[in-house]
Amino acid sequence: ELSGHNGFRLTALMELLYATGLRVSELVGLRTGTISRDGQILLVRGKGGKERIVPLTDPAREAVSAYLTECKKISAIQTNSPYLFPSRGKVGHLTRAGFSHMLKGLAVAAGINPTRVSPHVLRHSFASHMLAHGADLRALQQMLGHADISTTQIYTHVLEERLNSLVERSHPLANPDFMIMK
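Summary of the structure given here. No experiment lies behind these values; they were computed from the predicted model shown.

How each quantity is defined
- Residues numbered from 1 in each chain as written.
- Predicted model: local features only at pLDDT ≥ 70, side-chain atom pairs only at ≥ 80, totals over all residues.
- Heavy atoms only, no water.
- 1 Å grid on protein atoms, 1.4 Å probe; cavity = no way out; pocket = protein on both sides within 12 Å on 5 of 7 lines; lining within 4 Å.
- Points joined across faces, edges and corners; volume = space filled by probe spheres on them.
- Helix = DSSP H or I, 4+ residues; strand = E, 2+ residues; numbered from the N terminus.
- Buried < 20%, exposed > 50% of the residue type's maximum accessible area, 1.4 Å probe, protein only.
- Pairing = 2+ DSSP bridges.
- Arc of directions from axis to C-beta.
- Polar contact = N/O pair within 3.5 Å; in protein donor to acceptor, adjacent residues only side chain to side chain.
- Salt bridge = Lys/Arg side-chain N within 4 Å of Asp/Glu carboxyl O.
- Axes fitted to C-alpha atoms, helices over the stretch in contact; angles between N-to-C directions.
- Parallel < 35°, antiparallel > 145°, perpendicular 65-115°, else oblique.
- Contact = heavy atoms within 4.5 Å.
- Nonpolar A, V, L, I, M, F, W, Y, C, P; charged D, E, K, R; others polar.

1. Concerning the layout of surface pockets
So, point 1. If you add up the space inside the largest pocket, you get close to 260 Å³.
So, point 2. Ser-25, Glu-26, Gly-29, Leu-30, Arg-31, Thr-34, Leu-43, Val-44, Arg-45, Glu-51 and Tyr-83 together form the lining of the largest pocket.
So, point 3. The set of elements that each furnish at least two residues to the lining of the largest pocket consists of α2 (24-28) and β1 (41-45).
So, point 4. Among the elements that take part in the lining of the largest pocket, β1 stands out by supplying 3 residues, more than any other.

Right under this line is the structure:
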């Protein structure tokens, strides 16, 4: 359900995930101090403890701000937790499994087959959409936290396959029935 505290939290999680391409473990483990004072960027601690800076979109900033405002209104939610998405569980923050479960529920509510949706699918969508709209491969590598550019280049192959498929489906010369008018 996208109302109340849980709705604000899920909206913030979804906006952050798609806007940044974070790994799910990075997303659920975000600390409150990782967002810059002006709300423009996240300082993310990724694999191997490496830190990187990831810019935030306006919708992501607005969703996080609304979520934090809602958290302040609910005294029961206010804790001394250092995490942006705290939980009463052992790890102290929302777990990967917990978020995946929330995402599956959101997919079902939207009429989408839940087996087709996962946090990694959204990370992949972020990367593919960034490249499709002209993002620089090195910048994308940094945002995704890939140590090796070859890992990021996987997304260019997906883009190339889509473009080839588009040409094969849409270009008149790719159609054997196409005739040049004389």
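2. Regarding the pairing of β1
So, point 1. On β1, burial follows the alternation: Leu-42 and Val-44 on one face are buried, whereas Ile-41, Leu-43 and Arg-45 on the facing-out side are not.
So, point 2. The pairing of β1 with strand β2 (residues 51-55) spans 5 bridges and is antiparallel. For Ile-41, the partnering residue across the bridge sits in β2 and is Pro-55.
So, point 3. Between the end of β1 and the start of β2, which pair antiparallel, lie 5 residues, with Gly-48 showing a positive phi angle near 70°.

3. A closer look at helix α6 (residues 137-144)
So, point 1. If you check which residues of α6 are buried, you get Leu-140, Gln-141, Met-143 and Leu-144. Projected down its long axis, α6 shows its buried positions confined to an angular sector of 165°, all on one face.
So, point 2. Between a side-chain oxygen at the N-terminus of α6 and the backbone nitrogen of Arg-138 the separation is 3.1 Å; the capping residue is Asp-136.

4. Some words on the pattern of salt bridges
So, point 1. Counting across every chain of the model gives 4 salt bridges.
So, point 2. The salt bridge involving Glu-26 is made with Arg-23; its shortest N-O contact spans 2.6 Å.
So, point 3. Given a relative accessible area of 13%, Arg-23 falls into the buried group.
So, point 4. The salt bridge partner of Glu-51 is Arg-45, with a shortest N-O separation of 2.7 Å.
So, point 5. On the basis of relative accessible area, Arg-45 is assigned to the exposed category, the value being 55%.
So, point 6. Among the charged side chains, a salt-bridge network with shared partners connects Arg-23, Glu-26 and Arg-52.

5. Some thoughts on the packing of helix α1 (residues 4-20) against helix α4 (residues 96-109)
So, point 1. One way to put it is that α1 packs onto α4 with a least axis distance of 11 Å and a crossing angle of 95°. Accordingly, the angle class assigned to the pair α1 and α4 is roughly perpendicular. Mapping the contact onto sequence places Arg-9, Leu-10, Leu-13, Met-14 and Leu-17 in α1 and Phe-99, Met-102, Leu-103 and Leu-106 in α4.
So, point 2. Taken together, the residues of the contact of α1 with α4 break down into 8 nonpolar, no polar and 1 charged.

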